[in-house]
Amino acid sequence: MRQRLRELNGQNELLRLGQEHDQYVHDLQAERGDAGPVLAALRQRGRQIDEVLRVLQRAEEAREVYDAACQALDGAESALRDAQILSRDAQTQERDERDKLLEAFARWREQSAQLDLPQEVWLEIRRALTTYRVPADWSPLRDQIDGCARRAESELRSRLLRAEDRRDALSEQQREQERTLQQIWSQSSPVPPRRDQIQATRLQLMLRGIPGAPLYELVDFAPGLPSEAQDLLEAQLADTGLLDALVVPEAHLPEIRELLEDYPDRFLVPGPPVGQPLQGLVPDAAGRFPRETAACLAGISGGSLEAETALLPDGRFRCGMLRGRSHAAGAAGFVGAAAREANRSARSRSWRSSWSSWPPRRAPPRPRRRLRQAVASWTRSAPRSEGRGAGPGAGAAGAGPPGAAAGRGGAAAAAVRRPGAKQAWSGLEEKGRASAPACPMG
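Residues numbered from 1 in each chain as written. Predicted model: local features only at pLDDT ≥ 70, side-chain atom pairs only at ≥ 80, totals over all residues. Heavy atoms only, no water.

**Considerations on the pattern of salt bridges**
With the rule as written, the count across this model stands at 14 salt bridges. The salt bridge partner of Arg194 is Asp244, with a shortest N-O separation of 2.8 Å. With Arg194 in the loop between helix H5 (139–186) and helix H6 (196–208) and Asp244 in the loop between helix H8 (227–240) and strand S3 (246–247), this residue pair connects regions lying 50 residues apart in the sequence. Asp244 matches Arg194 in its accessibility class, with the two residues each being buried. For Arg202, the salt bridge goes to Asp244, with nearest N and O atoms at 3.4 Å. Note that Arg202 is positioned in helix H6 and Asp244 in the loop between H8 and S3, a separation of 42 residues in sequence. (Salt bridge = Lys/Arg side-chain N within 4 Å of Asp/Glu carboxyl O. Helix = DSSP H or I, 4+ residues; strand = E, 2+ residues; numbered from the N terminus. Buried < 20%, exposed > 50% of the residue type's maximum accessible area, 1.4 Å probe, protein only.)

**Digging into the sheet that holds strand S6 (residues 309–311)**
Whenever strands of a sheet pair, they do so through backbone hydrogen bonds, lying parallel or antiparallel. Spatial strand order, S6-S7-S8: 3 strands in an open sheet with antiparallel pairing. Every other strand in the sheet has two partners, leaving S6 and strand S8 (322–325) as the edge strands with one partner each. Taken over all neighbouring pairs, the strand axes of this sheet differ in orientation by 15° on average, direction set aside. In terms of strand pairing, S6 meets strand S7 (residues 316–319) through 3 bridges, oriented antiparallel. Each bridged residue has a counterpart across the sheet, and for Ala310 the counterpart in S7 is Arg318. (Pairing = 2+ DSSP bridges. Axes fitted to C-alpha atoms, helices over the stretch in contact; angles between N-to-C directions.)

**Quick word on the packing of aromatic side chains**
Summed over all chains, the structure comprises 1 aromatic pair. Ring centres of Tyr216 and Phe334 lie 6.1 Å apart, and the angle between their planes is 75°; on these two criteria the pair is classed as edge-to-face. Here the residue Tyr216 occupies a position in helix H7 (residues 215–218), and Phe334 occupies one in the loop between S8 and helix H11 (337–356), the gap between them amounting to 118 residues. Each member of the pair, Tyr216 together with Phe334, is buried. (Phe/Tyr/Trp six-rings, centres within 6.5 Å; stacked < 30°, edge-to-face > 60°.)

**With respect to a nonpolar patch on the surface**
On the surface, Val52, Leu53 and Leu56 cluster together to form a nonpolar patch covering roughly 260 Å² of accessible area. Within the secondary structure, Leu53 is located in helix H3 (residues 35–111). (Patch = residues over 30% accessible without salt bridge, like charges linked within 9 Å, V, L, I, M, F, W, Y side chains within 5 Å. Areas by Shrake-Rupley, 256 points an atom, 1.4 Å probe, with all protein chains shown as cover.)

**A look at the nonpolar core**
Of all hydrophobic cores here, the largest spans 24 residues; its most connected members are Leu237, Leu268, Leu281, Leu311 and Val335. Elements represented by at least two residues in this core include exactly H7, strand S2 (219–221), H8 and helix H10 (290–298). Among the elements that make up this core, the one with the highest residue count is H7 (3 residues). (Core = buried A, V, L, I, M, F, W, Y, C linked by side-chain atoms within 4.5 Å.)

Here's what the structure looks like:
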């Protein structure tokens, strides 16, 4: 026992077991006292020592856990520092991306001229872009932009429809110009405004071989007549209806009367000579029917309204019960070969001037891809309206003199629908083109 006590004391030099234990140890060393209590105390102290050893072992384990926790804390702090650096970099990148997004949207808005964003919508989008965070819900902004796109597309469709109408109008103008050019080429000389029925009657005259010609082709202005007087005299002839009235040889008057039973037109029947005949007009030296033309001019007074037919130098005129006063609206263009040639040249220049600006230039639309594709697709699928053009109707002819007989109309238009009339009219057009001077396109 003494040996065990000594070993125990040697192993627990640092363990203070109390004064009672020290007294027991001293008694045992002096070989005094009862050993029973000492053994009980030793067993109790052994249990205490075991408990202390277990506590020390748990403390060692706790120290190891603490060391591991400190190492984990160091790793966590290092990871936190790395995360903070990444966060700052991410925030900087997000700010740069937001600025780039705002700049890109501003450029897109400037380039998308067809998409008009209201100012309040633009400010709201700008605020949303300024406060942009990942992830972001763009559905409200997308709905607003889509609404603006729909309105812009609707406006573009309306503009497209207006452009289609404008295009059709310009196409009709082009066809009208082409018809005008065709008329200029097909006519050997200008023709006064004439109804289609009158034109059909003149065609029937040619088909039936009835000789005749309008008055303006058979007369010319007297030499030395001032241009102002020429213009006024032609205006008087047009207002009275004499300008385009037919002059027919007397032998063929029954034929013309029979023709006018079905076709409308007017012709001159010479009356008795007047005391002061018209001096401003003379028969054309190269014209046909000089005798009939001279007889018609002899029946027109140039100085008194008492005559049945009178054309006064101041513009007043009389044609039977019809009286009035003329004013020249422009230069004479039908009486005399020189006037007709000048009229033809003026019409050709006017036509070339209007034709030179065709087609109108259009600036290309500024690009907006989605709207452009939508409108282009709609344009390809939209029906194109065909121009509906009919030649402008000629003005109504003026009333004739008491000697001018008017036929009864109603069947004139049928002439142009007959095959023989069409062939004859085509032949006249070819003949007019051959005899007309070339009309430059400018």
